[in-house]
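Each chain, written out:
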Amino acid sequence: MRLYAIFGNPVAHSISPILHNYTFYKLNFQGCYTKVLLENGSNLKDRFLALKLKGANITVPHKEWAYKLADEVVGIAKEIEALNTWIEKDGKIYGYNTDAPGFFESVKEFTFQKVLILGAGGTAKAIALYLQKEGFSPVILNRSKTRLAFFQERGFQTYSWEEFEPTAFDLVINTTSAGLKEDTLPAPQELLEPTLSMARYGVDVIYNKLTPFLALAQQKGLITKDGTEMLLYQGVLAFEIFTDFRYTKEEITHIMRQSLQLLKV
Ligand code: NDP
């Protein structure tokens, strides 16, 4: 039996154990996935090793620790400098970021060129760098200026709220946590309304909720999507890594989607 876990703080709300355990069961894979509340991210590696885990997901607020403590970082995660997936192989811990490709997979059905990202936190970094790798030049709009430096250093056009003039974008993505707990918009209404009026697609990474951002996007006639598919695809990609790519993406996706439906997420 191989043991897997999600590390986070808080972690009680995570549905990742259900997605992975259901898929292990359906595929007859001898695996078990649990939750670990981790207060201090610097203890991540010690806890991972002490629990003799084969793999793990790492969520807020420990993704940067996961990057620092991995033995090898694979792919785009090197640039993002934050990881959400670890796998142990021959005594070494390999780290990945599946949030970024998971997001990209979730918007593949859309046709877009110009992208506006609201927010400049960890999720914004992952999505922006992945889109840049795919040939897009997303623009970053954030409440405060401090976090914009990361993006400026990597060639992105960035704005704080006071600097931004609404223009036409095809896709507007909310990566902020505005709307998660309180019903707030991720940017002032006088900036968002004209921006969304000119856009085609509105995507929120928050899942299972009609956020004020998605509600406004729908009111403006945009095609919208919440973060459920991003959650699904980051899980599918992590599952592939956990099980050494022995199952097809299609079969994992099909089963994980079923588990989400059972949960009504
Ligand atoms: P961070 O804490 O790294 O970044 C938060 C960002 O949101 C910052 O840019 C911050 O701006 C901005 N922000 C916070 N509150 C407000 C507000 N009231 N108004 C405007 N801007 C605000 O968070 P993460 O990037 O780690 O997570 C962001 C969201 O992504 C969370 O809701 C999380 O649940 C979701 N998520 C979803 C996933 C999925 O699979 N669907 C995967 C990963 C994350 P400032 O710099 O000014 O403070």
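See the structure above.
Calculation criteria
Residues numbered from 1 in each chain as written. Predicted model: local features only at pLDDT ≥ 70, side-chain atom pairs only at ≥ 80, totals over all residues. Heavy atoms only, no water. Pairing = 2+ DSSP bridges. Helix = DSSP H or I, 4+ residues; strand = E, 2+ residues; numbered from the N terminus. Axes fitted to C-alpha atoms, helices over the stretch in contact; angles between N-to-C directions. Near = heavy atom within 4 Å. Polar contact = N/O pair within 3.5 Å; in protein donor to acceptor, adjacent residues only side chain to side chain. Areas by Shrake-Rupley, 256 points an atom, 1.4 Å probe, with all protein chains shown as cover. Nonpolar A, V, L, I, M, F, W, Y, C, P; charged D, E, K, R; others polar. Salt bridge = Lys/Arg side-chain N within 4 Å of Asp/Glu carboxyl O. Buried < 20%, exposed > 50% of the residue type's maximum accessible area, 1.4 Å probe, protein only. Expected span 1.5 Å × (residues − 1). Contact = heavy atoms within 4.5 Å. Phe/Tyr/Trp six-rings, centres within 6.5 Å; stacked < 30°, edge-to-face > 60°. Lys NZ or Arg CZ within 6 Å of the ring centre and 35° of its normal. Core = buried A, V, L, I, M, F, W, Y, C linked by side-chain atoms within 4.5 Å.

Remarks on the sheet that holds strand β8 (residues 139–142)
Pairing is parallel in the open sheet, where six strands are placed in the order β9-β8-β7-β10-β11-β12. In this open sheet, the two edge strands, each paired with only one partner strand, are β9 (157–160) and β12 (223–225). Recorded for the sheet is a direction-independent mean angle of 15° between the axes of neighbouring strands. In this structure, strand β11 (residues 201–204) lies alongside β12, joined through three bridges in parallel fashion. Among the inter-strand pairings, Tyr 201 is bridged to a residue of β12, identified as Ile 223.

Notes on unusual backbone geometry
The omega torsion across Asn 9 and Pro 10 is 5°, close enough to zero to call that bond cis. Residues Val 60 and Pro 61 are joined by a peptide bond in cis, for which omega reads 5°. In the Ramachandran plot, Phe 245 falls in the positive-phi region, its phi being about 60° despite a non-glycine side chain. Structurally, Phe 245 can be placed in the loop between α10 (228–242) and α11 (249–263).

Considerations on the site of the ligand
Within the structure, the ligand sits among 25 residues, and Ala 120, Thr 123, Asn 142, Ser 144 and Arg 147 are positioned closest to it. Measuring from an oxygen atom of the ligand, one finds a side-chain N or O atom of Asn 142 at 2.8 Å. Taken by itself the ligand offers 940 Å² of open surface, and the protein chains cover 80% of this. When contributions to the shell around the ligand are tallied by element, the ones reaching two or more residues are α6 (122–133) and α10. For the shell around the ligand, the class distribution of residues is eleven nonpolar, ten polar and four charged.

Considerations on the pattern of salt bridges
Scanning all chains against the criterion turns up 16 salt bridges. Between Glu 134 and Lys 133 there is a salt bridge; the shortest N-O distance is 3.3 Å. The class of Glu 134 is partly exposed, set by a relative accessible area of 34%. On the basis of relative accessible area, Lys 133 is assigned to the partly exposed category, the value being 48%. In the salt-bridge network here, residues are joined through shared partners; they are Glu 109, Lys 225, Glu 229 and Arg 257.

What to know about α11
Between its terminal C-alpha atoms α11 stretches 21 Å, which fits the 21 Å expected from 15 residues at 1.5 Å a residue. Taken together, the buried positions of α11 are occupied by Ile 252, Thr 253, Ile 255, Met 256, Ser 259 and Leu 260. Residues of α11 that are buried make contact with α1 (16–26) and α10.

Details of α10
The first and last C-alpha atoms of α10 sit 21 Å apart over 15 residues, in line with the 21 Å expected at 1.5 Å per residue. Counting buried residues in α10 gives 15 out of 15 residues, a clear majority hidden from the surface. Following α10 by one or two positions, Asp 244 has its phi on the positive side, about 55°.

Comments concerning the packing of aromatic side chains
What the rule picks out here adds up to 15 aromatic pairs. On the basis of an interplanar angle of 75° and a centroid distance of 5.3 Å, the ring pair of Phe 150 and Phe 151 is categorised as edge-to-face. The burial state of Phe 150 is the same as that of Phe 151; both residues are buried. Members of the aromatic cluster, each reached through a chain of ring pairs, are Tyr 4, Phe 24, Phe 29, Tyr 33, Phe 239, Phe 242 and Tyr 247. A cation over a ring is seen here: Lys 68 above Trp 65, with NZ or CZ 4.6 Å from the ring centre. The positively charged end of Lys 114 is found above the aromatic ring belonging to Phe 169, 5.6 Å away from the centroid.

A short note on the nonpolar core
Core analysis: the largest hydrophobic core is formed by 31 residues, its most contacted members being Phe 112, Ile 117, Leu 131 and Ile 173. Looking at this core, the elements with two or more residues in it are α5 (99–106), β7 (115–118), α6, α7 (148–153), β10 (171–174) and β11. Leave out the neighbours within four places in its chain, and Ile 173 touches Phe 103, Val 115, Leu 116, Ile 117, Leu 118, Ile 127, Leu 131, Val 203 and Val 205. Counting 25 residues, the second largest nonpolar core, distinct from the first, contains Ile 15, Phe 24, Ile 87 and Val 236.

A few points about the pairing of β9
Burial along β9 is one-sided: Thr 158 and Ser 160 are buried, and none of Gln 157 and Tyr 159, which face the opposite way, are. Bridging between β8 and β9 involves four bridges; their strand directions are parallel. Each bridged residue has a counterpart across the sheet, and for Val 139 the counterpart in β9 is Gln 157.

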